[in-house]
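Fold and contact review
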Amino acid sequence: MKLMVVGSGGREHALVWKLSQSPCVDKIYCMPGNAGIEEIAECINIPADDINGLADYAQKHKIDLTVVGPEAPLAAGIVDEFEGRGLKIFGPNKAAAQIESSKVFSKEFMKKYNLPTADFEVFDDPDKAIKYIDKKGFPIVIKAEGLAQGKGVIIAKDRAEAIKAINDMMQEKVFGKAGNRIVIEEYLEGPEVTILSFCDGKHFLPMVSSKDHKKAFDNDKGPNTGGMGAISPSPTYNEELAKKIEKNIIGKTLEAMEIEGMPYKGILYTGLILTEKGPKVLEYNCRFGDPEAQVILPRLNTDLVDIIEACIEGRLDKINVEWKKEKAVCVVAASGGYPKKYKKGMEITGLDQARELGVQIFHAGTLRQEDKIVTSGGRVLGITALGDTQQEAAKKAYDALAKINFEGIQYRKDIGLR
Ligand code: AMP
Ligand code: GLY
(Lines give C-alpha, C1' and ligand atoms only; values in the text may rest on other atoms or scores of the structure.)
(Ligands and ions follow the chains in the order given, each with its own letter.)
Protein backbone atom coordinates (compact mmCIF):
# COMPACT_ATOMS: atom_id res chain seq x y z
CA MET A 1 0.00 0.00 0.00
CA LYS A 2 0.97 3.61 -0.57
CA LEU A 3 0.09 5.95 2.30
CA MET A 4 0.01 9.69 2.63
CA VAL A 5 0.26 11.43 6.00
CA VAL A 6 -0.72 15.11 6.18
CA GLY A 7 1.13 17.40 8.61
CA SER A 8 4.60 18.26 9.87
CA GLY A 9 4.75 17.98 13.64
CA GLY A 10 5.80 15.48 16.28
CA ARG A 11 2.37 13.87 16.08
CA GLU A 12 2.81 13.25 12.36
CA HIS A 13 6.30 11.84 12.93
CA ALA A 14 4.81 9.41 15.46
CA LEU A 15 2.05 8.49 12.98
CA VAL A 16 4.48 7.90 10.11
CA TRP A 17 6.77 5.89 12.43
CA LYS A 18 3.91 3.66 13.59
CA LEU A 19 2.34 3.26 10.14
CA SER A 20 5.74 2.37 8.64
CA GLN A 21 5.84 -0.72 10.90
CA SER A 22 2.78 -2.20 9.18
CA PRO A 23 3.65 -5.13 6.89
CA CYS A 24 1.13 -3.93 4.31
CA VAL A 25 2.81 -0.56 3.82
CA ASP A 26 5.25 -0.21 0.92
CA LYS A 27 5.72 3.52 0.90
CA ILE A 28 4.68 6.59 2.88
CA TYR A 29 4.55 10.17 1.62
CA CYS A 30 4.31 12.98 4.12
CA MET A 31 3.06 16.46 3.26
CA PRO A 32 5.03 18.54 4.12
CA GLY A 33 6.87 16.56 6.86
CA ASN A 34 10.08 17.50 8.66
CA ALA A 35 13.73 16.40 8.98
CA GLY A 36 12.88 13.39 11.15
CA ILE A 37 9.99 12.18 9.01
CA GLU A 38 12.24 12.46 5.96
CA GLU A 39 14.29 9.53 7.29
CA ILE A 40 11.34 7.13 7.01
CA ALA A 41 9.05 8.70 4.41
CA GLU A 42 9.22 10.79 1.27
CA CYS A 43 8.38 14.36 2.18
CA ILE A 44 6.61 16.40 -0.48
CA ASN A 45 6.32 20.12 -0.05
CA ILE A 46 2.55 20.54 -0.18
CA PRO A 47 1.15 22.51 2.78
CA ALA A 48 -1.31 20.67 5.03
CA ASP A 49 -4.06 23.17 4.20
CA ASP A 50 -3.76 22.86 0.41
CA ILE A 51 -6.63 20.43 0.15
CA ASN A 52 -6.87 20.45 -3.63
CA GLY A 53 -3.11 20.08 -4.00
CA LEU A 54 -3.15 17.10 -1.67
CA ALA A 55 -6.11 15.46 -3.40
CA ASP A 56 -4.49 16.00 -6.82
CA TYR A 57 -1.30 14.36 -5.57
CA ALA A 58 -3.18 11.42 -4.05
CA GLN A 59 -5.06 10.89 -7.31
CA LYS A 60 -2.02 11.17 -9.52
CA HIS A 61 0.16 8.91 -7.37
CA LYS A 62 -2.61 6.40 -6.61
CA ILE A 63 -2.36 6.75 -2.84
CA ASP A 64 -4.30 3.94 -1.14
CA LEU A 65 -4.92 5.66 2.18
CA THR A 66 -4.49 9.18 3.59
CA VAL A 67 -4.15 9.89 7.31
CA VAL A 68 -4.58 13.49 8.48
CA GLY A 69 -2.69 14.78 11.55
CA PRO A 70 -3.82 18.36 12.25
CA GLU A 71 -7.29 19.83 12.73
CA ALA A 72 -7.16 22.65 10.17
CA PRO A 73 -7.51 20.51 7.00
CA LEU A 74 -10.22 18.39 8.68
CA ALA A 75 -12.14 21.53 9.66
CA ALA A 76 -11.75 22.81 6.10
CA GLY A 77 -13.26 19.64 4.61
CA ILE A 78 -10.31 17.55 3.38
CA VAL A 79 -12.28 14.36 4.04
CA ASP A 80 -15.27 15.58 1.99
CA GLU A 81 -12.97 16.49 -0.91
CA PHE A 82 -11.11 13.16 -0.90
CA GLU A 83 -14.26 11.08 -0.51
CA GLY A 84 -15.88 13.09 -3.29
CA ARG A 85 -13.03 12.01 -5.56
CA GLY A 86 -13.26 8.39 -4.39
CA LEU A 87 -10.01 8.56 -2.41
CA LYS A 88 -9.69 6.67 0.87
CA ILE A 89 -9.02 8.95 3.83
CA PHE A 90 -9.19 8.62 7.63
CA GLY A 91 -10.81 11.38 9.67
CA PRO A 92 -14.12 13.13 10.33
CA ASN A 93 -15.76 15.12 7.54
CA LYS A 94 -16.24 18.87 7.77
CA ALA A 95 -19.58 18.65 9.57
CA ALA A 96 -18.32 16.20 12.19
CA ALA A 97 -15.06 18.12 12.65
CA GLN A 98 -17.14 20.99 14.07
CA ILE A 99 -16.88 19.12 17.33
CA GLU A 100 -13.46 20.79 17.51
CA SER A 101 -13.63 23.63 15.02
CA SER A 102 -16.54 25.39 16.71
CA LYS A 103 -16.67 25.65 20.48
CA VAL A 104 -20.21 27.01 20.11
CA PHE A 105 -21.21 23.86 18.22
CA SER A 106 -19.57 21.53 20.71
CA LYS A 107 -20.93 23.30 23.80
CA GLU A 108 -24.48 23.48 22.42
CA PHE A 109 -24.20 19.86 21.33
CA MET A 110 -23.17 18.83 24.86
CA LYS A 111 -26.01 20.83 26.39
CA LYS A 112 -28.58 19.36 24.02
CA TYR A 113 -27.53 15.78 24.82
CA ASN A 114 -26.88 16.26 28.53
CA LEU A 115 -23.19 15.51 28.23
CA PRO A 116 -21.46 16.78 31.39
CA THR A 117 -19.53 20.00 30.76
CA ALA A 118 -18.96 23.41 32.35
CA ASP A 119 -22.02 25.74 32.39
CA PHE A 120 -21.64 28.37 29.69
CA GLU A 121 -23.14 31.09 27.52
CA VAL A 122 -22.29 32.21 24.01
CA PHE A 123 -21.78 35.90 23.14
CA ASP A 124 -21.38 37.92 19.96
CA ASP A 125 -21.60 41.25 21.78
CA PRO A 126 -18.73 42.29 24.10
CA ASP A 127 -20.97 44.49 26.30
CA LYS A 128 -23.30 41.59 27.03
CA ALA A 129 -20.25 39.39 27.72
CA ILE A 130 -18.97 41.89 30.28
CA LYS A 131 -22.39 42.11 31.98
CA TYR A 132 -22.37 38.33 32.22
CA ILE A 133 -18.92 38.05 33.84
CA ASP A 134 -19.92 40.70 36.38
CA LYS A 135 -22.87 38.55 37.31
CA LYS A 136 -20.84 35.33 37.49
CA GLY A 137 -17.63 36.32 39.32
CA PHE A 138 -14.08 34.95 39.04
CA PRO A 139 -12.16 32.94 38.03
CA ILE A 140 -14.02 32.49 34.77
CA VAL A 141 -13.02 30.89 31.46
CA ILE A 142 -13.20 32.74 28.14
CA LYS A 143 -12.87 30.81 24.89
CA ALA A 144 -12.71 31.97 21.29
CA GLU A 145 -15.27 30.06 19.22
CA GLY A 146 -12.93 28.94 16.45
CA LEU A 147 -9.53 27.31 16.01
CA ALA A 148 -6.72 29.27 17.69
CA GLN A 149 -3.85 26.78 17.82
CA GLY A 150 -4.47 25.92 21.45
CA LYS A 151 -4.20 29.57 22.51
CA GLY A 152 -7.85 30.58 22.43
CA VAL A 153 -8.66 29.75 26.06
CA ILE A 154 -8.10 32.32 28.80
CA ILE A 155 -8.64 31.57 32.46
CA ALA A 156 -9.32 35.01 33.90
CA LYS A 157 -8.49 35.44 37.58
CA ASP A 158 -10.17 38.81 37.88
CA ARG A 159 -12.31 41.38 36.07
CA ALA A 160 -9.36 43.12 34.39
CA GLU A 161 -8.08 39.86 32.85
CA ALA A 162 -11.56 38.89 31.73
CA ILE A 163 -12.20 42.23 30.06
CA LYS A 164 -8.82 42.12 28.36
CA ALA A 165 -9.58 38.62 27.02
CA ILE A 166 -13.01 39.69 25.74
CA ASN A 167 -11.53 42.78 24.06
CA ASP A 168 -8.56 40.90 22.59
CA MET A 169 -10.83 38.28 21.05
CA MET A 170 -13.83 40.38 19.98
CA GLN A 171 -12.42 43.86 19.26
CA GLU A 172 -8.71 43.39 18.57
CA LYS A 173 -9.39 40.10 16.76
CA VAL A 174 -6.16 38.52 17.95
CA PHE A 175 -7.50 35.16 16.71
CA GLY A 176 -9.14 36.64 13.61
CA LYS A 177 -12.60 35.29 12.80
CA ALA A 178 -12.20 32.64 15.50
CA GLY A 179 -13.07 35.35 18.03
CA ASN A 180 -16.27 36.66 16.40
CA ARG A 181 -18.18 34.71 18.99
CA ILE A 182 -16.94 33.63 22.38
CA VAL A 183 -17.95 31.08 24.96
CA ILE A 184 -17.79 32.12 28.60
CA GLU A 185 -17.86 29.21 30.99
CA GLU A 186 -17.67 28.16 34.57
CA TYR A 187 -14.17 27.48 35.94
CA LEU A 188 -13.76 23.83 36.89
CA GLU A 189 -11.18 22.24 39.15
CA GLY A 190 -9.64 18.79 39.22
CA PRO A 191 -7.06 16.60 37.52
CA GLU A 192 -7.21 16.52 33.73
CA VAL A 193 -7.11 13.38 31.65
CA THR A 194 -7.40 12.75 27.95
CA ILE A 195 -9.04 9.78 26.32
CA LEU A 196 -8.59 9.31 22.61
CA SER A 197 -10.81 6.85 20.80
CA PHE A 198 -10.82 5.23 17.41
CA CYS A 199 -14.31 5.73 15.95
CA ASP A 200 -16.07 4.19 12.96
CA GLY A 201 -19.30 6.19 13.05
CA LYS A 202 -21.09 3.69 15.35
CA HIS A 203 -18.49 1.93 17.46
CA PHE A 204 -15.50 3.20 19.31
CA LEU A 205 -12.37 1.77 20.86
CA PRO A 206 -10.81 3.87 23.60
CA MET A 207 -7.04 4.10 23.63
CA VAL A 208 -4.86 4.07 26.72
CA SER A 209 -5.24 7.25 28.80
CA SER A 210 -2.79 10.12 28.58
CA LYS A 211 -2.12 13.53 30.03
CA ASP A 212 -0.69 16.58 28.33
CA HIS A 213 1.36 19.32 30.04
CA LYS A 214 0.15 22.53 28.43
CA LYS A 215 1.97 25.13 30.53
CA ALA A 216 5.38 26.32 29.42
CA PHE A 217 7.20 25.95 32.72
CA ASP A 218 7.67 23.47 35.60
CA ASN A 219 4.83 22.97 38.09
CA ASP A 220 2.32 24.15 35.48
CA LYS A 221 3.51 27.74 35.54
CA GLY A 222 3.69 30.20 32.66
CA PRO A 223 1.65 30.59 29.49
CA ASN A 224 -0.23 27.83 27.65
CA THR A 225 1.63 26.13 24.80
CA GLY A 226 0.75 23.48 22.25
CA GLY A 227 1.98 20.94 24.85
CA MET A 228 5.39 20.57 26.54
CA GLY A 229 5.20 16.90 27.32
CA ALA A 230 2.85 14.01 27.94
CA ILE A 231 2.54 10.82 29.93
CA SER A 232 0.57 7.63 29.35
CA PRO A 233 -1.23 6.24 31.23
CA SER A 234 -2.63 9.04 33.35
CA PRO A 235 -2.03 8.12 37.01
CA THR A 236 -5.47 9.42 37.99
CA TYR A 237 -7.35 7.13 35.58
CA ASN A 238 -8.73 3.76 36.64
CA GLU A 239 -11.12 1.00 35.54
CA GLU A 240 -14.09 2.47 37.32
CA LEU A 241 -13.63 5.91 35.78
CA ALA A 242 -12.98 4.33 32.39
CA LYS A 243 -16.31 2.44 32.51
CA LYS A 244 -18.22 5.56 33.45
CA ILE A 245 -16.54 7.81 30.89
CA GLU A 246 -16.82 5.30 28.07
CA LYS A 247 -20.52 4.70 28.69
CA ASN A 248 -21.78 8.11 29.77
CA ILE A 249 -19.52 10.35 27.73
CA ILE A 250 -17.75 8.80 24.74
CA GLY A 251 -20.47 6.32 23.80
CA LYS A 252 -23.16 8.95 24.27
CA THR A 253 -21.19 11.45 22.20
CA LEU A 254 -21.05 9.04 19.27
CA GLU A 255 -24.75 8.22 19.52
CA ALA A 256 -25.57 11.92 19.62
CA MET A 257 -23.37 12.68 16.60
CA GLU A 258 -25.23 9.98 14.70
CA ILE A 259 -28.60 11.43 15.70
CA GLU A 260 -27.35 14.84 14.50
CA GLY A 261 -26.74 13.26 11.09
CA MET A 262 -22.97 13.50 11.34
CA PRO A 263 -21.70 10.06 12.35
CA TYR A 264 -18.19 10.46 13.70
CA LYS A 265 -15.38 8.60 11.96
CA GLY A 266 -11.79 9.17 12.92
CA ILE A 267 -9.99 9.93 16.15
CA LEU A 268 -12.09 11.53 18.86
CA TYR A 269 -10.04 13.31 21.50
CA THR A 270 -12.01 13.86 24.70
CA GLY A 271 -10.31 16.22 27.14
CA LEU A 272 -11.81 15.70 30.58
CA ILE A 273 -11.53 17.24 34.00
CA LEU A 274 -12.30 15.05 37.00
CA THR A 275 -14.31 17.35 39.26
CA GLU A 276 -15.84 16.56 42.65
CA LYS A 277 -19.16 16.24 40.85
CA GLY A 278 -17.74 13.74 38.37
CA PRO A 279 -15.92 13.87 35.05
CA LYS A 280 -16.78 16.76 32.73
CA VAL A 281 -15.75 17.42 29.13
CA LEU A 282 -13.38 20.36 28.67
CA GLU A 283 -13.10 19.97 24.95
CA TYR A 284 -13.28 17.60 22.04
CA ASN A 285 -10.64 17.49 19.33
CA CYS A 286 -11.14 15.79 15.99
CA ARG A 287 -7.66 14.22 15.74
CA PHE A 288 -4.74 12.83 17.70
CA GLY A 289 -3.27 15.18 20.31
CA ASP A 290 0.25 16.48 19.99
CA PRO A 291 2.19 15.38 22.12
CA GLU A 292 -0.37 12.77 23.27
CA ALA A 293 0.22 10.76 20.07
CA GLN A 294 3.91 10.56 20.96
CA VAL A 295 3.12 8.61 24.14
CA ILE A 296 0.12 6.63 22.90
CA LEU A 297 1.38 5.26 19.59
CA PRO A 298 4.62 3.82 21.07
CA ARG A 299 2.41 1.76 23.44
CA LEU A 300 0.25 0.36 20.62
CA ASN A 301 1.02 -3.26 19.68
CA THR A 302 -1.66 -3.68 17.01
CA ASP A 303 -1.09 -2.72 13.37
CA LEU A 304 -2.38 0.86 13.02
CA VAL A 305 -3.31 0.35 9.36
CA ASP A 306 -5.64 -2.52 10.36
CA ILE A 307 -7.35 -0.32 12.94
CA ILE A 308 -7.75 2.60 10.54
CA GLU A 309 -9.22 0.39 7.83
CA ALA A 310 -11.65 -1.08 10.35
CA CYS A 311 -12.72 2.49 11.24
CA ILE A 312 -13.25 3.45 7.62
CA GLU A 313 -15.19 0.25 6.90
CA GLY A 314 -17.34 0.48 10.05
CA ARG A 315 -16.17 -2.79 11.61
CA LEU A 316 -14.32 -1.57 14.67
CA ASP A 317 -16.43 -3.95 16.79
CA LYS A 318 -14.72 -6.87 15.06
CA ILE A 319 -11.13 -6.07 15.95
CA ASN A 320 -8.98 -6.34 19.00
CA VAL A 321 -6.46 -3.69 19.96
CA GLU A 322 -3.51 -4.49 22.21
CA TRP A 323 -1.33 -2.15 24.25
CA LYS A 324 2.01 -2.45 25.95
CA LYS A 325 1.94 -2.49 29.76
CA GLU A 326 4.96 -0.20 29.89
CA LYS A 327 4.44 3.45 30.73
CA ALA A 328 5.45 6.21 28.32
CA VAL A 329 6.81 9.70 28.90
CA CYS A 330 7.44 12.31 26.21
CA VAL A 331 9.39 15.48 26.94
CA VAL A 332 9.26 18.28 24.38
CA ALA A 333 12.36 20.36 23.65
CA ALA A 334 11.32 23.81 22.48
CA SER A 335 13.06 26.87 21.06
CA GLY A 336 14.08 29.51 23.62
CA GLY A 337 11.22 31.99 24.06
CA TYR A 338 8.44 29.64 22.89
CA PRO A 339 5.40 30.09 23.03
CA LYS A 340 6.31 33.72 22.38
CA LYS A 341 8.97 34.88 19.90
CA TYR A 342 11.84 32.50 19.20
CA LYS A 343 14.74 32.14 16.77
CA LYS A 344 14.95 29.53 14.03
CA GLY A 345 17.87 27.92 12.24
CA MET A 346 19.81 26.72 15.33
CA GLU A 347 21.87 23.58 14.69
CA ILE A 348 20.71 20.54 16.67
CA THR A 349 23.46 18.24 17.98
CA GLY A 350 23.55 14.95 19.88
CA LEU A 351 20.59 13.23 18.19
CA ASP A 352 22.51 10.01 17.47
CA GLN A 353 23.95 9.80 20.98
CA ALA A 354 20.48 10.34 22.43
CA ARG A 355 18.94 7.65 20.21
CA GLU A 356 21.57 5.13 21.39
CA LEU A 357 19.88 5.23 24.80
CA GLY A 358 16.85 3.48 23.32
CA VAL A 359 14.40 6.36 23.08
CA GLN A 360 12.23 7.52 20.18
CA ILE A 361 13.01 11.01 18.98
CA PHE A 362 10.02 12.56 17.27
CA HIS A 363 10.84 15.67 15.27
CA ALA A 364 8.49 18.65 15.13
CA GLY A 365 10.01 21.98 14.01
CA THR A 366 13.16 20.66 12.33
CA LEU A 367 14.67 21.14 8.91
CA ARG A 368 17.59 19.50 7.13
CA GLN A 369 20.20 21.92 5.79
CA GLU A 370 22.83 19.94 3.89
CA ASP A 371 24.37 17.66 6.53
CA LYS A 372 22.93 19.56 9.49
CA ILE A 373 19.54 19.46 11.20
CA VAL A 374 18.36 22.86 12.38
CA THR A 375 15.40 24.19 14.36
CA SER A 376 12.47 25.56 12.36
CA GLY A 377 9.62 25.92 14.84
CA GLY A 378 8.56 26.49 18.44
CA ARG A 379 8.32 22.89 19.51
CA VAL A 380 11.41 21.20 18.05
CA LEU A 381 11.64 17.61 19.30
CA GLY A 382 9.71 15.19 21.49
CA ILE A 383 11.74 12.52 23.27
CA THR A 384 9.65 9.48 24.17
CA ALA A 385 10.83 6.71 26.46
CA LEU A 386 9.08 3.60 27.76
CA GLY A 387 9.68 2.06 31.18
CA ASP A 388 8.18 -0.34 33.71
CA THR A 389 7.37 2.68 35.83
CA GLN A 390 6.62 6.25 34.83
CA GLN A 391 9.70 7.42 36.76
CA GLU A 392 11.92 4.99 34.89
CA ALA A 393 10.53 6.17 31.55
CA ALA A 394 10.99 9.81 32.56
CA LYS A 395 14.58 9.24 33.66
CA LYS A 396 15.37 7.60 30.34
CA ALA A 397 13.81 10.46 28.38
CA TYR A 398 15.75 13.06 30.40
CA ASP A 399 19.04 11.12 30.10
CA ALA A 400 18.60 11.16 26.33
CA LEU A 401 17.59 14.81 26.29
CA ALA A 402 20.81 15.67 28.16
CA LYS A 403 22.74 14.56 25.05
CA ILE A 404 20.82 16.92 22.77
CA ASN A 405 21.60 20.58 22.35
CA PHE A 406 20.73 23.64 20.31
CA GLU A 407 21.06 27.31 21.15
CA GLY A 408 18.22 28.36 23.45
CA ILE A 409 16.92 24.81 24.11
CA GLN A 410 14.13 24.92 26.66
CA TYR A 411 12.21 22.07 28.25
CA ARG A 412 10.26 21.24 31.38
CA LYS A 413 12.17 19.28 34.01
CA ASP A 414 9.12 17.76 35.70
CA ILE A 415 7.34 15.69 33.05
CA GLY A 416 6.51 12.27 34.51
CA LEU A 417 8.44 12.98 37.69
CA ARG A 418 5.65 14.07 40.02
P1 AMP B 1 -9.46 23.64 25.89
O2 AMP B 1 -8.67 24.01 24.68
O3 AMP B 1 -10.88 24.03 25.87
O4 AMP B 1 -9.21 22.25 26.38
O5 AMP B 1 -8.73 24.46 27.06
C6 AMP B 1 -7.35 24.42 27.26
C7 AMP B 1 -7.04 24.23 28.73
O8 AMP B 1 -7.66 25.26 29.48
C9 AMP B 1 -7.59 22.94 29.30
O10 AMP B 1 -6.74 21.84 29.10
C11 AMP B 1 -7.72 23.29 30.76
O12 AMP B 1 -6.47 23.19 31.40
C13 AMP B 1 -8.11 24.74 30.72
N14 AMP B 1 -9.59 24.87 30.76
C15 AMP B 1 -10.46 24.91 29.75
N16 AMP B 1 -11.72 25.05 30.16
C17 AMP B 1 -11.67 25.10 31.50
C18 AMP B 1 -12.66 25.23 32.54
N19 AMP B 1 -13.94 25.36 32.25
N20 AMP B 1 -12.22 25.24 33.81
C21 AMP B 1 -10.91 25.14 34.10
N22 AMP B 1 -9.95 25.01 33.19
C23 AMP B 1 -10.30 25.00 31.90
N1 GLY C 1 -1.98 18.53 23.19
C2 GLY C 1 -3.23 19.13 22.99
C3 GLY C 1 -3.74 19.08 21.63
O4 GLY C 1 -3.19 18.42 20.76
O5 GLY C 1 -4.75 19.70 21.38
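Now for a look at the structure at hand. (Residues numbered from 1 in each chain as written. Chains lettered and ligands numbered in written order. Predicted model: local features only at pLDDT ≥ 70, side-chain atom pairs only at ≥ 80, totals over all residues. Heavy atoms only, no water.)

Observations regarding the site of ligand 1
Among the 14 residues in the neighbourhood of ligand 1, the closest are listed as Glu185, Glu186, Leu188, Glu192 and Glu283. Within the backbone of Glu186, a nitrogen or oxygen atom sits 2.9 Å from a nitrogen atom of ligand 1. Note that an oxygen atom of ligand 1 is positioned 2.4 Å from one of the side-chain N or O atoms of Glu192. Here ligand 1, which alone exposes 470 Å², has 91% of that area covered by the protein. The set of elements that each furnish at least two residues to the shell around ligand 1 consists of strand 7 (140-144), strand 8 (153-156), strand 9 (182-186) and strand 17 (278-285). (Near = heavy atom within 4 Å. Polar contact = N/O pair within 3.5 Å; in protein donor to acceptor, adjacent residues only side chain to side chain. Areas by Shrake-Rupley, 256 points an atom, 1.4 Å probe, with all protein chains shown as cover. Helix = DSSP H or I, 4+ residues; strand = E, 2+ residues; numbered from the N terminus.)

Things to note about the sheet that holds strand 16 (residues 264-275)
The strand order 11-10-16-17 describes an open sheet built from 4 strands, whose pairing is antiparallel. The sheet is open, and its two borders are formed by strand 11 (204-206) and strand 17, each paired with just one other strand. When strand polarity is set aside, the average angle formed by the axes of neighbouring strands in this sheet is 30°. (Pairing = 2+ DSSP bridges. Axes fitted to C-alpha atoms, helices over the stretch in contact; angles between N-to-C directions.)

Section: the pattern of salt bridges
Applying the stated criterion across every chain, the model contains 29 salt bridges. Linking Asp134 and Arg159 is a salt bridge whose minimum nitrogen-to-oxygen distance equals 2.7 Å. Remark: Arg159 occurs in helix 8 (residues 159-170) and Asp134 occurs in helix 7 (residues 126-136); sequence separation between them is 25 residues. When salt bridges with common partners are traced through the structure, they connect Lys88, Glu309, Glu313 and Arg315 into a single cluster. (Salt bridge = Lys/Arg side-chain N within 4 Å of Asp/Glu carboxyl O.)

Here's the deal with the layout of surface pockets
Taken as a whole, the second largest pocket encloses approximately 680 Å³ of empty space. The wall of the second largest pocket is formed by 19 residues, among which Val153, Ile154, Ile155, Pro223 and Asn224 lie closest to the centre. Counting residues per element, the ones that place at least two in the lining of the second largest pocket are strand 8, helix 8 and strand 14 (221-224). Sorting elements by how many residues they give to the lining of the second largest pocket places helix 8 first, with 5 residues. (1 Å grid on protein atoms, 1.4 Å probe; cavity = no way out; pocket = protein on both sides within 12 Å on 5 of 7 lines; lining within 4 Å. Points joined across faces, edges and corners; volume = space filled by probe spheres on them.)

Considering the packing of aromatic side chains
Scanning the entire structure with this criterion turns up 9 aromatic pairs. Ring geometry for Phe123 versus Tyr132: centroids 5.1 Å apart, planes at 50°, classification tilted. As far as burial versus exposure is concerned, Phe123 and Tyr132 are alike and both buried. Ring geometry for Phe198 against Phe288: centres 6.5 Å apart, planes inclined by 80°, an arrangement best described as edge-to-face. With a gap of 90 residues between them, Phe198 in strand 10 (residues 192-201) and Phe288 in the loop between strand 17 and helix 10 (292-296) connect regions that are remote in the sequence. Assessed through its relative accessible area of 1%, Phe198 is described here as buried. (Phe/Tyr/Trp six-rings, centres within 6.5 Å; stacked < 30°, edge-to-face > 60°. Buried < 20%, exposed > 50% of the residue type's maximum accessible area, 1.4 Å probe, protein only.)

What about helix 11 (residues 304-312)?
Every α-helix winds through 3.6 residues per turn, so residues three or four apart in the chain are directed the same way. Burial analysis of helix 11 places 8 of its 9 residues in the buried class, which makes it a mostly covered element. For helix 11, every residue scored as buried is listed here: Leu304, Val305, Ile307, Ile308, Glu309, Ala310, Cys311 and Ile312. Considering only its buried residues, helix 11 is in contact with strand 1 (2-7), helix 1 (10-19), strand 4 (65-68), strand 5 (89-90), strand 10 and strand 16. Just downstream of helix 11 lies Gly314, where phi reads positive at about 70°. (Contact = heavy atoms within 4.5 Å.)

As for the side chain of Arg379
Within the secondary structure, Arg379 is located in strand 22 (residues 379-387). The buried category is assigned to Arg379, whose relative accessible area is 18%. Separated by 3.2 Å, the side chain of Arg379 and the backbone oxygen of Gly226 make a polar contact. A distance of 3.0 Å separates a polar side-chain atom of Arg379 from the backbone oxygen of Gly227. Non-local contacts of Arg379, meaning those with residues more than four positions away in its chain, are made with Gly226, Gly227, Asp290, Pro291, Val332, Ala333, Ala334, Tyr338, Ala364 and Gly365.

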